Every structure is written in C-alpha cells, then in structure tokens.
Amino acid sequence: MKTLIHITSEKLDPQACLETISYPECGGIVSFVGTVRNQTKGKPVLKLEFEAYEKMALKEMQKIADQAKIKFQVEEVLIHHRTGLVKVGEEAVVIVVAAPHRKAAFQACEYCIDTLKETVPIWKKEFFEDGEVWVSAHP
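Please read these numbers as outputs of a predicted model, since none were measured by experiment. (Residues numbered from 1 in each chain as written. Predicted model: local features only at pLDDT ≥ 70, side-chain atom pairs only at ≥ 80, totals over all residues. Heavy atoms only, no water.)

A. Geometry of the sheet that holds strand β5 (residues 47–52). Across the sheet, four strands lie side by side as β7-β5-β9-β10; this open sheet has antiparallel pairing. What marks the edges here is a single partner per strand, and that holds for β7 (84–87) and β10 (131–135). Here the average twist between neighbouring strands, direction ignored, is 25°. By the bridge criterion, six bridges tie β5 to strand β9 (residues 122–128) in an arrangement that is antiparallel. By the bridge assignment for β9, Leu-48 is matched with Glu-126. (Pairing = 2+ DSSP bridges. Helix = DSSP H or I, 4+ residues; strand = E, 2+ residues; numbered from the N terminus. Axes fitted to C-alpha atoms, helices over the stretch in contact; angles between N-to-C directions.)

The following block contains the structure:
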C-alpha cells in the first residue's frame, strides 16, 4: 500500500518516494527534497531537531495534498516529513507531485512546501556550537 502522507523519525528515502508516485497518464512528476543545510545566516548549524503534533500534522498534510489536487488538477501528492534529530545533509521533507503536465506539477509542489511551512504543526530547533534555538518555520 502506498503511504502518501507520512511523518517518521526514520531517514527519508527520496527515490522510494519517487517510485511510489508513478502513473502512466502523468507526464510530469516533480519532487522537492528539503535537506538540512550547514548554516543559517552565516552561523554554522550542527543539526536540527523536528517535533510534530503528529495527529494534527498528518491531517493538515492530507488537507494540503487534497487542496493541491483540486487547485492544480494533479493526479497525486506525496508528503513525507522527518521528526527527531536530523543531521546536516539529511532529508527533512520530501514532496512528490504527479500531474498530466509539468506546469501543474511544479506549481502544486511549490504550493505544498509553502503551505506546509505555514500551517502544519511541525517545529524546528537549530543546534549551534554555542547553543540551540527553536525557530519559526517561516523564513
């Protein structure tokens, strides 16, 4: 069975996510892989920690996927997000969208990540050499 909306403390597998979203009627499959970068505003980041209100986060992620399907007329949306400690270079979020045409797939993918950061109850803590801080999901 396909797991399209998922929150896990395990490492994410972008390739497996891509393979999950395969429809012969879709000519455009777009993915976004958000990784942990090694700095924020020039300050070295050691790792991140994500916490989620999982029950509500899953509902909100499903809502985003459903809205993207309607708004952009895409066939399918996959959203996987990591929780727990995530090292620099590791994936924190994977979004894959399948659509008959590329433009809709790109637009829906961007909509999903932007909306996820605004509405889904997942919080991020950044760890630095000199301390740690919970940060807003909004850049």
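B. Structural context of unusual backbone geometry. If you check the backbone angles, Lys-41 has positive phi at about 55° while not being a glycine. Even without being glycine, Gln-73 reaches a positive phi, approximately 55°. With respect to the helices and strands, the residue Gln-73 is situated in the loop between α2 (54–72) and β6 (76–82). Residue Gln-73 is classed as exposed on the basis of its relative accessible area of 64%. (Buried < 20%, exposed > 50% of the residue type's maximum accessible area, 1.4 Å probe, protein only.)

C. Structural context of the environment of Thr-115. With respect to the helices and strands, the residue Thr-115 is situated in helix α3 (residues 102–119). For Thr-115, the contacting residues outside a window of four places in its chain are Ile-64 and Val-120. A polar atom in the side chain of Thr-115 sits 2.7 Å from the backbone oxygen of Tyr-111. (Contact = heavy atoms within 4.5 Å. Polar contact = N/O pair within 3.5 Å; in protein donor to acceptor, adjacent residues only side chain to side chain.)

D. Just the pattern of salt bridges, in detail. Scanning the model with the defined rule gives six salt bridges in all. A salt bridge links Glu-90 to Lys-11; the nearest nitrogen and oxygen atoms lie 3.3 Å apart. Here Glu-90 is found in the loop between β7 and β8 (91–99), whereas its partner Lys-11 is found in the loop between β1 (5–8) and α1 (14–20), with 79 residues between them in sequence. Assessed through its relative accessible area of 61%, Lys-11 is described here as exposed. Across the salt bridge formed by Asp-130 and Lys-43, the nearest N and O atoms sit 3.2 Å from each other. Placement of Asp-130 in the loop between β9 and β10 and of Lys-43 in strand β4 (residues 43–44) is noted, with a sequence separation of 87 residues between them. Take Lys-43: its relative accessible area is 34%, and that puts it in the partly exposed class. Overlapping salt bridges bring together Lys-11, Arg-82 and Glu-90 as one network. (Salt bridge = Lys/Arg side-chain N within 4 Å of Asp/Glu carboxyl O.)

E. How the structure looks around the nonpolar core. Grouped together as the largest cluster of nonpolar side chains are 33 residues, with contacts concentrated most on Met-61, Val-74, Val-77, Ile-79, Ile-95, Val-97 and Cys-112. Contributing elements (two or more residues each) for this core: β1, β5, α2, β6, β8, α3 and β9. Ranked by residue count, the leading element in this core is α3, at eight residues. Beyond its immediate chain neighbours, meaning those up to four positions away, Ile-79 contacts Leu-4, Ile-5, His-6, Met-61, Ile-64, Ala-65, Val-94, Ile-95, Cys-112 and Leu-116. Counting residues in hydrophobic clusters, the runner-up holds 10 residues, among them Leu-4, Leu-12, Val-94 and Ala-98. (Core = buried A, V, L, I, M, F, W, Y, C linked by side-chain atoms within 4.5 Å.)

F. Structural detail: the sheet that holds strand β2 (residues 28–35). Pairing is mixed in the open sheet, where four strands are placed in the order β1-β6-β8-β2. Lying at the two open borders of the sheet, with one neighbouring strand each, are β1 and β2. This sheet shows a mean twist of 5° between the axes of neighbouring strands, independent of strand direction. Across eight bridges, β2 lies against β8 in antiparallel orientation. For Gly-28, the partnering residue across the bridge sits in β8 and is Ala-99. Lying over the sheet, α2 contacts β1 and β6, oriented at roughly 150° with respect to β1.

What is shown is where atoms sit, not what they do.
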